[in-house]
Amino acid sequence: MIVGEQKPLEEIMALLGDARKVLVAGCGTCVTVCFAGGEKEVGILASALRMKSKLEGHPMEVDEVTVQRQCEWEYIDPLKPRLKDYDAVLSLACGIGVQAMNERFPDVLTLPGLNTTFLGLPMEQGVWEERCQACGDCILGLTFGICPIARCSKQLLNGPCGGSQNGVCEVDPDIPCAWQLIWERAIAFGQVERLLEIQPPKNWSKSRDGGPRKIVREDLRLTHTE
Amino acid sequence: MAEERTNGYKSGSNLEKILRAGHFAVTAELGPPQSADPEVIRHKARLLRGVVDAVNITDNQTAIVRMSSIASAVLAMQEGIEPIVQMTCRDRNRLAIQADLLGASALGVRNLLCLTGDHQSFGNHPTAKNVHDLDSIQLIRMVKEMRDEGRFQCGDEIKGVVPRFLIGAAINPFADPFEFRPYRLAKKVAAGVDFIQTQIVLDMDRFREFMKRVVDMGLHEKVYILAGIGPLKSAGAARYMRDKVPGMLVADEYVERMQAAVKGIPKEDKKARREAWRQEGIRIAIEQIQEIKEIEGVAGVHIMAIEWEEAVKPIVEGAGLLPRPEV
Ligand code: SF4
Ligand code: SF4
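Cut-offs and rules
Chains are numbered independently. Their residues run from 1 in the order of the written sequence. Chain letters and ligand numbers both follow the written order, the letters beginning at A and the numbers at 1. With pLDDT at 70 or above as the cut-off, local features in this predicted model cover only qualifying residues; side-chain atom pairs require 80 or more to be listed or tallied, and sums for whole chains, interfaces and linings still use all residues. Hydrogens and waters are ignored; side-chain quantities use all the structure's heavy atoms. By definition, any uninterrupted DSSP run of H or I lasting at least four residues is a helix, any uninterrupted run of E lasting at least two residues is a strand, and each is numbered from the N terminus. Just to be clear, the radius of gyration here is over C-alpha atoms, and the globule rule we use is 2.2 Å times residues to the power 0.38. Throughout this description, buried means an accessible area under 20% of the type-specific maximum (1.4 Å probe, protein chains only), exposed means over 50%, and partly exposed covers the range between. Any pair of residues with heavy atoms lying within 4.5 Å of one another is described as a contacting pair. For the area figures, the Shrake-Rupley method with a 1.4 Å probe applies, and any residue is considered shielded solely by the protein chains shown. Positive charges come from Lys and Arg, negative ones from Asp and Glu, while His and the chain ends are left out of the count. To locate a charge, take atom NZ for lysine, CZ for arginine, CG for aspartate or CD for glutamate. Here is the rule: rings of Phe, Tyr and Trp (six-membered ring for Trp) pair when centre to centre is within 6.5 Å. Planes less than 30 degrees apart are stacked, more than 60 are edge-to-face, and the remainder are tilted. The criterion is that NZ of a Lys, or CZ of an Arg, lies within 6 Å of the ring centre and within 35 degrees of the ring normal, and then a charge sits over that ring. Neighbouring residues are identified by heavy atoms, a residue being near a molecule or strand if any of them is within 4 Å of it. Residue type decides the class: Asp, Glu, Lys and Arg count as charged, Ala, Val, Leu, Ile, Met, Phe, Trp, Tyr, Cys and Pro as nonpolar, and the leftover types, Gly among them, as polar. Here the limits of each domain have been adopted from an automatic or database domain assignment. Any carboxyl oxygen of Asp or Glu within 4 Å of a side-chain nitrogen of Lys or Arg constitutes a salt bridge here. Under the rule applied, a polar contact is a pair of N or O atoms within 3.5 Å (in protein, one hydrogen donor and one hydrogen acceptor; residues adjacent in sequence only if both atoms are side-chain atoms).

### As for the overall build of chain A
Right, so step 1: Tallying secondary structure elements over chain A gives 8 helices and 9 strands in all.
Right, so step 2: Computed over its C-alpha atoms, the radius of gyration of chain A comes to 22 Å, more than 25% above the 17 Å expected for a compact globule of 226 residues.
Right, so step 3: Considered along the principal axes of its C-alpha atoms, chain A spans approximately 65 × 55 × 25 Å.
Right, so step 4: Within the span of chain A, comprising 226 residues, buried residues form 41% of the whole.
Right, so step 5: Put simply, of all contacts in chain A between residues at least 6 apart along the chain, 58% involve residues at least 24 apart.
Right, so step 6: Summed over all atoms, the accessible surface of chain A reaches about 12400 Å², with 55% contributed by carbon and sulfur.
Right, so step 7: Averaging the locations of the 24 positively and 31 negatively charged side chains of chain A gives two centres separated by 3 Å.

Structure below.
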């Protein structure tokens, strides 16, 4: 899932500037699950905005809405008729939702209320960890199911750097060393020799480095372009 | 043709000749300044001239911006020092690295050390973006293919003069997973490395254990291994390295010796304490070199006296390694 974190209230207030009528728009999918931008967080943030703007002497009118998925046209299209009433929309969806809103409704500016942080998973109540960088050429099959692109601080492909000690990364004792984990899995499967092969330089053109990516599936398209 | 031109040497560097002749090699380290002052390099180079066979020129070491290693290497060469240019994968992608290697070779640099690089969070630009387009093993292979096959990483032919380097890399026998470390060395050998400098050895037992594995695997016959020597500056420094530096092991014995070195000297007499510590640090380094010379598979030492270049000469001299052989 996509994991995000709410921006500080100060920053949100600054982003909204002199907007007097604001719609706070949540999303019912990933950011609901990570308690950052679902219906509940929309409610809390909307009250905070009302209170703070009042205290500062220029009260804001704040409405609330949460759609099931802000990254799909069919879920955001029903918002269209209401949007003309607002000076700004504050989206609590991930960066994809924010952009979907701006793309679909170009007349009103939708601002981000979250920092979209990573693709990851909840480890326990209140703890999320990154797992994937969407590199476009998945190598989990070579690394026993542990991703060194997202989880090694230096994205190494041929084993641990010299800073790995006691299972943790040199960058921070809170980061497990991805290569320690890969090594342990290799031992568990009795396949250490697979880590001895030299992995060639990665083809980063399939990653973001190749420019914004796009997938077109002709087999699924309804209209075909000549 | 290429073979003839270089008399069968890969790069023809002094370091390569020393190693091939079977001499116990000695290298040291020179950290470029955090400024554009060439005098710093010249001064440090003069302290090392004639004392060691080649000198590492660090590349934004510990992720702190310093004068470029290639520019510093040229200044060092003007002072009669043979440089080993360090190149990390942290700051440059494959285009920038290859361009710099062509330039370094054209300027006369003949030794290269291929490194992953310390993470930028340790340095003075922690908000920087890191590169890591290649890792150190991929870098070794790229440099070897440029030199021996005359090809760029993409496969295109290098038309004309190819860059010639003796290819080095680092190995940390003290990092985890310990069992993987000899394999990581084996991968570097397979990628084409010619010599290795190890992390600072301050745990002789662990180093012996590592070298035994290396010899059992026959790796010492395929690559020259230089053991890292890092003279201790004070008891505090020894404790810090033992407790705080990721990937470092320091035997308690050395920490205790450093503590004992200032026994009886009053705390206020900072100068005397500093002197006593430094003398003990140099003494330990000399003893270590003498022990290391006896370990099978070790071809030399790499002395890392960081911001303490003055220590190198007494260490090399004390270990009976002066004068350096002419090759
Ligand atoms: S290898 Fe690439 S696609 Fe696979 S988990 Fe890692 S970043 Fe994601
Ligand atoms: S310590 Fe481990 S996770 Fe951290 S950079 Fe090195 S290999 Fe990667």
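### Observations concerning the packing of aromatic side chains
Right, so step 1: Here the structure, examined in full by the defined rule, presents 3 aromatic pairs over all chains.
Right, so step 2: An aromatic cluster of at least three residues, connected via ring pairs, comprises Trp183 of chain A together with Phe180 and Tyr183 of chain B.
Right, so step 3: It is lysine 202 of chain A that lies over the ring of tryptophan 204 of chain A; its NZ or CZ is 5.7 Å from the centre.

### Examining the site of ligand 1
Right, so step 1: Around ligand 1, the neighbouring residues are Arg131, Cys132, Gln133, Ala134, Cys135, Cys138, Ile139, Leu140, Cys147 and Ile149 of chain A.
Right, so step 2: Among the residues forming the shell around ligand 1, the class breakdown is 8 nonpolar, 1 polar and 1 charged.

### Looking at the domain arrangement of chain A
Right, so step 1: Looking at chain A, the domain boundaries give domain 1 (2-118) and domain 2 (136-210).
Right, so step 2: Inter-centroid distance (C-alpha atoms) of domain 1 of chain A to domain 2 of chain A is 37 Å.

### Concerning the pattern of salt bridges
All names here are of chain B.
Right, so step 1: On inspection of all chains with the given rule, the structure shows 38 salt bridges over all chains.
Right, so step 2: A salt bridge links arginine 94 to aspartate 133; its shortest N-O distance comes to 2.8 Å. Remark: aspartate 133 occurs in the loop between strand 4 (111-115) and helix 6 (136-149) and arginine 94 occurs in helix 5 (residues 94-106); sequence separation between them is 39 residues. A single burial state applies to arginine 94 and to aspartate 133, both of which are buried.
Right, so step 3: Linking arginine 147 and aspartate 194 is a salt bridge whose minimum nitrogen-to-oxygen distance equals 3.0 Å. With a gap of 47 residues between them, arginine 147 in helix 6 and aspartate 194 in the loop between helix 7 (181-191) and strand 6 (195-200) connect regions that are remote in the sequence.

### What to know about the interface of chain B and chain A
Right, so step 1: Across the contact, 34 residues belong to chain B and 28 residues belong to chain A.
Right, so step 2: Summed over the shared surface of chain B and chain A, the result is 0 salt bridges.
Right, so step 3: Counting every contact that joins chain B to chain A gives 21 residue pairs in polar contact (both at pLDDT 80 or more).
Right, so step 4: Here the side of chain B that touches chain A takes 6 residues from helix 7 of chain B, the largest share from any one element.
Right, so step 5: Across the side of chain B that touches chain A, the residue classes break down as 14 nonpolar, 10 polar and 10 charged.

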